[in-house]
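Examining the three-dimensional arrangement
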Amino acid sequence: MDVTTIFLPVTLTAAAAAALINLWLAIRVGQMRGTTKLVHGDDAGGPLTRRMRAQLNFVENTGFVLVLIAAIELADKGGQWLAFVAAAYMLGRVAHGFGMDGETPTLPRKIGTLTTMLTLLGLAIVATLVALRVI
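Residues numbered from 1 in each chain as written. Predicted model: local features only at pLDDT ≥ 70, side-chain atom pairs only at ≥ 80, totals over all residues. Heavy atoms only, no water.

Quick notes on the pattern of salt bridges
In plain terms, the rule: Here, a salt bridge means any Lys or Arg side-chain nitrogen found within 4 Å of an Asp or Glu carboxyl oxygen. Helix numbers and strand numbers start at the N terminus; a helix is a DSSP run of H or I with at least 4 residues, a strand a run of E with at least 2. Type-normalised accessible area, obtained with a 1.4 Å probe on protein chains alone, sets the label of each residue: buried when under 20%, exposed when over 50%, and partly exposed for intermediate values.
What the rule picks out here adds up to 3 salt bridges. Asp-101 is the partner of Arg-51 in a salt bridge, and the nearest nitrogen-oxygen pair spans 2.9 Å. With Arg-51 in helix α2 (residues 47-74) and Asp-101 in the loop between α3 (80-99) and α4 (107-131), this pair connects stretches of sequence that are 50 residues apart. Classification of Asp-101 by relative accessible area gives partly exposed; the value is 31%. Linking Arg-53 and Glu-60 is a salt bridge whose minimum nitrogen-to-oxygen distance equals 3.5 Å. Given a relative accessible area of 37%, Glu-60 falls into the partly exposed group. Each member of the salt-bridge network shares a partner with another, and the members are Arg-28, Arg-51 and Asp-101.

What about α4?
We count it as follows: Between the first and last residue of a helix there are one fewer steps than residues, each counted as 1.5 Å, and that sum is the expected span. Any pair of residues with heavy atoms lying within 4.5 Å of one another is described as a contacting pair.
Between its first and last C-alpha, α4 extends 36 Å over 25 residues, near the 36 Å set by a 1.5 Å rise per residue. Residues of α4 that are buried: Gly-112, Thr-115, Thr-116, Thr-119, Leu-123, Val-126, Ala-127 and Val-130. Summarising the contacts, the buried residues of α4 are in contact with α2 and α3. Looking one or two residues past α4, Arg-133 carries a phi angle of roughly 60 degrees, positive in sign.

Remarks on a nonpolar patch on the surface
As a reminder of what qualifies: Residues form patches when they are more than 30% accessible in relative terms and have no salt bridge. Like charges link within 9 Å. Nonpolar side chains (Val, Leu, Ile, Met, Phe, Trp, Tyr) link within 5 Å. Areas reported as accessible are Shrake-Rupley estimates using a 1.4 Å probe. Residue values count occlusion only from the protein chains shown.
A cluster of nonpolar residues, Leu-20, Leu-23 and Ile-27, forms a patch on the protein surface that exposes about 310 Å² of accessible area. Tracing the sequence through the fold places Ile-27 in helix α1 (residues 9-36).

Focus on the environment of Asn-22
Among the secondary structure elements, Asn-22 is positioned in helix α1. For the pair Asn-22 and Asp-101, spaced 79 residues apart in sequence, the C-alpha to C-alpha distance is 16 Å. Discounting residues that sit within four places of it in the chain, Asn-22 has contacts with Gln-55, Phe-58 and Val-59.

Topic: the packing of α1 against α3
Rules: For helices, the fitted line uses only the C-alpha atoms of the stretch in contact; every axis is such a line through C-alpha atoms, and the angle between N-to-C directions lies from 0 to 180 degrees. For classification purposes, angles smaller than 35 degrees are called roughly parallel, those larger than 145 roughly antiparallel, those between 65 and 115 roughly perpendicular, and all remaining angles oblique. Each residue is assigned to one class: nonpolar for Ala, Val, Leu, Ile, Met, Phe, Trp, Tyr, Cys and Pro, charged for Asp, Glu, Lys and Arg, and polar for all the others, Gly among them.
Close contact between α1 and α3 brings their axes to 10 Å; oriented N to C, the two are set at 5 degrees. In terms of orientation, α1 and α3 fall into the roughly parallel class. Contacts between α1 and α3 involve Val-10, Ala-14, Ala-17, Ala-18, Ile-21, Trp-24, Leu-25 and Arg-28 from the first element and Leu-82, Ala-83, Ala-86, Met-90, Val-94, Gly-97 and Phe-98 from the second. Partitioning the contact of α1 with α3 into residue classes produces 13 nonpolar, 1 polar and 1 charged.

As for the side chain of Thr-49
Heads up, the condition is: For the purposes of these results, a polar contact is taken to be a pair of N or O atoms within 3.5 Å, where, inside protein, one atom must be able to donate a hydrogen and its partner to accept one; residues adjacent in sequence count only when each atom of the pair is a side-chain atom.
Topologically, Thr-49 is positioned in helix α2. In terms of polar contacts, Thr-49 uses its side chain to reach the side chain of Asp-43, at 2.7 Å. Aside from chain neighbours lying at most four places away, what touches Thr-49 is Asp-42, Asp-43 and Ala-44.

Comments concerning the environment of Val-130
Inspection of the secondary structure assignment puts Val-130 in helix α4. In this structure Val-130 comes out as buried when scored by relative accessible area, which is 15%. For the pair Val-130 and Ala-88, spaced 42 residues apart in the sequence, the C-alpha separation amounts to 22 Å. Every residue in contact with Val-130, bar those within four places of it in the chain, is listed here: Ala-75, Lys-77 and Ile-135.

Some remarks on the nonpolar core
The following threshold applies: By nonpolar core we mean a set of buried residues, namely Ala, Val, Leu, Ile, Met, Phe, Trp, Tyr and Cys, connected to one another through side-chain atoms within 4.5 Å.
One finds Ala-14, Ile-69, Ile-72, Leu-82, Met-90 and Leu-123 to be the most contacted residues of the largest nonpolar core, which totals 21 residues. When residues of this core are traced back to their parent elements, those giving at least two are α1, α2, α3 and α4. Ranked by residue count, the leading element in this core is α2, at 7 residues. Leaving out residues up to four positions away in the same chain, Ile-72 has contacts with Lys-77, Gly-78, Trp-81, Leu-82, Leu-123, Val-126 and Ala-127.

Nothing here speaks to function; it is all geometry.
Encoded structure:
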C-alpha cells in the first residue's frame, strides 16, 4: 500500500456519513424534547417517541451494515458497487428519519425500511458468498 492509498475508503466514508446522520437524528430528538418539555422518558407513542425510535432504529442496523461493508472491503470484494450500496443505505435512513414524523406509515418511512432490509440481506449474502469463496 503506497502513501496515497486510503485504507477501506468505502467503510471510512460510510462511517463518517453514519456519524453525521446519527448526530442529525439526535438533534431532532433534542428539538422534540424542547417542544414537548420532556427531559426524560418519552411521550407514550407521540412525536418524541417516534423520533427516538428513528434514531434507535438507525443505531440498531447501522453497525451491522458498517461491519459487513468493512468485511467485504477487507476481503477485496468491494468496489464501486459497495459505495453505491452504502450511499443508498444512508439515504434510506435519512428518508426513514423524516418518515417517522408521521402519525401513520409514510412513504419515506417505507422506503427507509425497505432499503435497510434489502441492504442487510444483500450484504449478508455477499459476505457469505465471499466467506465460502464462491465469489
